[in-house]
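One letter stands for each residue in the lines below.
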Amino acid sequence: MEISEVFDKLQAVVDRYEELNELISDPEVIADTQRFMKLSKEEGSLRETVEKYNRYKEVTQTIDDDEELLRETNDPELLELTKEELSDAKLEQSQLQDELEVLLIPKDPNDDKNIIMEIRGAAGGNEASLFAGDLYNMYVRYAENQGWQVEVVDQTATEVGGFKEIVLMITGDNVYSKLKFENGAHRVQRVPVTESAGRVHTSTATVGVMPEAEDVEIDLDDKDIRVDVYRSSGAGGQHINKTSSAVRMTHLPTGIVVAMQDERSQQQNRAKAMRILKSRVYDYYQQQEQSEYDANRKKAIGTGDRSERIRTYNFPQNRVTDHRIGLTLNKLDKVLAGDLDEIIEALIIADQTEKLEQLRNE
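Residues numbered from 1 in each chain as written. Predicted model: local features only at pLDDT ≥ 70, side-chain atom pairs only at ≥ 80, totals over all residues. Heavy atoms only, no water.

### What to know about the packing of aromatic side chains
Defined as follows: Think of it this way: a Phe, Tyr or Trp ring, Trp meaning its six-membered ring, pairs with another when their centres are within 6.5 Å, and the plane angle makes it stacked under 30 degrees, edge-to-face over 60, tilted otherwise. Throughout, exposure labels follow a simple rule: accessible area from a 1.4 Å probe, protein chains only, divided by the maximum for the residue type, with under 20% read as buried, over 50% as exposed, and the rest as partly exposed. Each ring is checked for a lysine NZ or an arginine CZ that lies within 6 Å of its centre and within 35 degrees of its normal; such an atom marks a charge sitting over the ring.
Under the criterion given, the structure shown has 4 aromatic pairs. Consider the rings of Tyr-142 and Trp-148, whose centres lie 5.6 Å apart with planes at 80°: the pair is edge-to-face. A relative accessible area of 6% places Trp-148 in the buried class. Above the face of the Phe-315 ring, Arg-190 is positioned so that its terminal group lies 4.7 Å from the ring centre.

So, in structure tokens, the structure goes:
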């Protein structure tokens with residue numbers, strides 16, 4: 001993409017930003033709460049780009065003025081000051097240009113959403129379920145560091161500890177943007193607590209990350225959903241409900257099933273089941289679109305397929321490796337304690353770099 005095309009895109013952003021400012025000042029728009037919030041959100045998302053572009057134009061004007069002054073003046077002191085200012089302005093102009101290119105990368109519309117995260121023990125029996133528990137603790141600690149809220153929506157614990165499956169709702173600022181790259185198979189290499197000979201075993205757990213679907217984005221038709229109610233089994237046979245409070249929802253077009261018995265009342269279980277069902281169906285259709293996209297263009301950090309091995313956690317060497325970007329860190333203990341920033345930032349940069357390359361080649 002030529003530099004002139006970059007500026008054309010930036011001017012289009014400015015034009016849209018000015019239009020949005022007019023719209024959100026319109027009494028009719030203000031009266032329509034949903035539309036006002038949607039437009040305000042879009043205006044906010046463009047603000048940084050517009051401010052940087054305005055600053056870029058100011059710096060470019062400074063460069064033009066300084067170059068003209070250098071051609072016209074003979075004053076040694078003024079020449080020295082102007083050269084210094086010109087050098088600083090050119091450096092800032094270059095930095096702003098790089099930042100503006102990144103800001104022009106098409107944004108993932110799901111980045112600012114909350115997520116449903118599903119962690120499942122996969123290959124490795126009891127050890128896989130223990131590792132699923134380790135991953136759960138890792139993400140909870142990371143979420144706490146980010147100031148996010150975590151709610152356990154559903155879980156199936158195992159007798160040895162850990163989980164066969166655990167489903168979380170994580171809410172806060174830009175949750176999906178930071179955790180979307182966690183989708184996939186996570187592999188652990190360590191000596192299981194049950195292994196008397198001290199041999200290193202390999203097990204896996206899968207992580208699914210789905211943006212929470214909003215009602216405006218996906219409208220599930222009642223006739224497409226079969227709802228079955230049954231009695232909750234309770235925890236280990238205890239506290240068995242005498243009423244049918246557990247709920248199983250099946251989305252007939254996709255075959256996606258959600259069962260919920262975590263809450264005491266059927267109404268609460270229905271509400272939770274519907275939240276997860278909407279997110280899973282939304283994710284299902286998005287995955288279909290992504291598969292079509294990936295058939296035409298290979299992504300730098302993988303397809304997001306949950307069967308794809310993305311990361312290895314090696315306990316004997318205190319090492320974690322993200323295979324998609326070739327990143328290895330010798331601080332597995334800190335990563336499992338929730339220190340995921342270095343990995344997540346590297347994945348975001350890799351994704352931005354790949355998208356920027358696509359943008360420049362358009």
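From this point, the narrative continues.
### What about the nonpolar core?
Stated precisely, the cut-off is as follows: Each nonpolar core is a collection of buried residues, namely Ala, Val, Leu, Ile, Met, Phe, Trp, Tyr and Cys, held together in the definition by side-chain atoms within 4.5 Å. The way it works is that DSSP assigns letters per residue, a run of H or I at least four long becomes a helix, a run of E at least two long becomes a strand, and they are numbered from the N terminus. The contact definition used throughout considers only heavy atoms, calling two residues in contact when any of these lie within 4.5 Å.
Core analysis: the biggest nonpolar cluster contains 35 residues, and Met-117, Ile-119, Leu-135, Tyr-139, Ile-170, Leu-179 and Tyr-313 have the highest contact counts within it. Take this core: its biggest share by element is 9 residues, from helix 5 (residues 126-146). The contact partners of Leu-135, leaving out residues within four places of it in the chain, are Ile-119, His-186, Ala-205, Val-207 and Tyr-313.

### Quick word on the pairing of strand 3 (residues 163-171)
Note the cut-off: Strand pairing is defined by DSSP finding a minimum of two bridges between the two strands.
In terms of burial, strand 3 is largely enclosed, as 7 of its 9 residues are buried. The sheet contact formed by strand 1 (residues 115-121) and strand 3 spans 6 bridges and is antiparallel. Along strand 3, the bridge assignment pairs Arg-120 with Glu-165. Bridge analysis of strand 2 (residues 149-157) against strand 3 gives 8 bridges, and the strand direction is antiparallel. Note that in strand 3 the partner of Glu-151 across the bridge is Met-169.

### Structural notes on helix 4 (residues 76-103)
Stated precisely, the cut-off is as follows: Expected helix span is taken as 1.5 Å per residue step, with the number of steps being one fewer than the number of residues.
End to end, helix 4 covers 40 Å across 28 residues, agreeing with the expected 40 Å (1.5 Å per residue, within 8%). Within the span of helix 4, buried status applies to Thr-82, Leu-86, Ala-89, Gln-93, Leu-96, Leu-100, Glu-101 and Leu-103.

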